[in-house]
Amino acid sequence: LVLLVGITDDNTVVGYEVAESSETPGLGTQIADAEFKDQFANKKASQLTPAKGKAASDTDIVVITGATISSKAVIDGVNLALSSYVAAKGVISGE
């Protein structure tokens, strides 16, 4: 799974696109559907967390039923992008 993740200067996730995937057709491929992807838009958090059924907080992303592993892989990928972005900003600014 390869993702392109958009992050603003204030560490807000703009969204993501699936650049490459070998997910199961019909289930795992739902990670590219707007219903799942839209949950990431405008999330300002250092760590997003998977949730089943309903989001309990602003950092929760509701996983796709039947595609929990794929959902968590996207959440992990976005979290990695966020932490890498924050670290890179620190190196660039000398923090």
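In the block above lies the structure referred to throughout.
A brief report on the enclosed structure follows. Going along each chain's sequence as written, the residues are numbered from 1 onward. With the structure being a predicted model, the display of local features is reserved for residues of pLDDT at least 70 and the display and counting of side-chain atom pairs for 80 or more, all residues being used for whole-chain, interface and lining totals. Processing note: side-chain calculations cover all non-hydrogen atoms of the structure and skip hydrogens and water entirely.

1. A short note on the layout of surface pockets
Gaps between atoms show up when a probe of the same size as a water molecule is rolled over them. Here is the rule we go by: A cavity, in this analysis, means grid points on a 1 Å lattice covering only the protein atoms where a 1.4 Å probe fits yet has no way out; a pocket is instead an open set bounded by protein on both sides within 12 Å along at least five of seven lines, and a residue lines either one if it has an atom within 4 Å of a point. Grid points are joined across faces, edges and corners, and a volume is the space filled by probe spheres set on the points. When residue character is reported, Ala, Val, Leu, Ile, Met, Phe, Trp, Tyr, Cys and Pro are called nonpolar, Asp, Glu, Lys and Arg charged, and the others, Gly included, polar.
Roughly 220 Å³ of volume is contained in the largest pocket. In terms of lining residues, the largest pocket is bounded by 13 residues, among which Glu35, Val62, Val63, Ile64 and Thr65 are the most central. Partitioning the lining of the largest pocket into residue classes produces 4 nonpolar, 6 polar and 3 charged.

2. Here's the deal with helix 2 (residues 68-93)
Note on helix geometry: an α-helix contains 3.6 residues per turn, so any two residues three or four positions apart are oriented the same way. This is how the line gets drawn: Here a helix means four or more residues in a row that DSSP labels H or I, a strand means two or more in a row labelled E, and each is numbered from the N terminus. Multiply 1.5 Å by the residue count of a helix minus one, and that product is the helix's expected span. The buried label goes to any residue with under 20% of its type's maximum accessible area, the exposed label to any with over 50%, and the partly exposed label to all in between, with areas taken from a 1.4 Å probe on protein chains only. Contacts between residues were defined by any pair of non-hydrogen atoms, one from each residue, lying within 4.5 Å.
Between the first and last C-alpha of helix 2 there are 37 Å, a value that for 26 residues agrees with the 38 Å anticipated at 1.5 Å per step. Of all the positions in helix 2, only Ser70, Ser71, Val74, Ile75, Val78, Asn79, Leu82 and Gly90 are classed as buried. Those residues of helix 2 hidden inside the fold are in contact with strand 1 (2-7), strand 2 (12-20), helix 1 (34-37), strand 4 (49-51) and strand 5 (60-62). Trailing helix 2 by a residue or two, Gly94 shows a phi angle of about 80°, which is positive.

3. Thoughts on the sheet that holds strand 3 (residues 43-44)
For clarity, the threshold we go by: Any two strands with at least two DSSP bridges between them are considered paired.
A sheet is described by the order of its strands in space; here 3 strands give the open sequence 1-2-3, paired in antiparallel fashion. Pairing within the sheet leaves two strands with one partner each, and these edge strands are strand 1 and strand 3. Sheet topology note: the strand 1/strand 2 ladder contains 6 bridges and is antiparallel. For Gly6, the partnering residue across the bridge sits in strand 2 and is Gly15.

4. So, the packing of aromatic side chains
Put simply, the rule reads: Planes of paired rings set the category: under 30 degrees apart is stacked, over 60 is edge-to-face and the rest tilted, where pairs are Phe, Tyr or Trp rings (Trp by its six-membered ring) whose centres lie within 6.5 Å. Each ring is checked for a lysine NZ or an arginine CZ that lies within 6 Å of its centre and within 35 degrees of its normal; such an atom marks a charge sitting over the ring.
Counted under the stated rule, the structure contains 2 aromatic pairs. For the pair Tyr16 and Phe40, a centre-to-centre distance of 5.1 Å together with 85° between the ring planes defines the contact as edge-to-face. Highlighted residues: Tyr16 in strand 2 and Phe40 in the loop between helix 1 and strand 3, separated in sequence by 24 residues. Of the two residues, Tyr16 and Phe40, neither departs from the other in class, the shared state being buried. Aromatic pair Phe36 and Phe40: ring centres 5.4 Å apart, planes at 75°, arrangement edge-to-face. With a relative accessible area of 0%, Phe40 lands in the buried category. Clustering of aromatic rings is evident, with ring pairs tying together Tyr16, Phe36 and Phe40. Geometry around Tyr16 places Lys37 over its ring, the cationic atom sitting 5.7 Å from the centre.

5. A closer look at the environment of Asn42
One can find Asn42 in the loop between helix 1 and strand 3. For the pair Asn42 and Ile7, spaced 35 residues apart in the sequence, the C-alpha separation amounts to 9.1 Å. Those residues in contact with Asn42, other than ones at most four positions away along the chain, are Thr12, Val13 and Val14.

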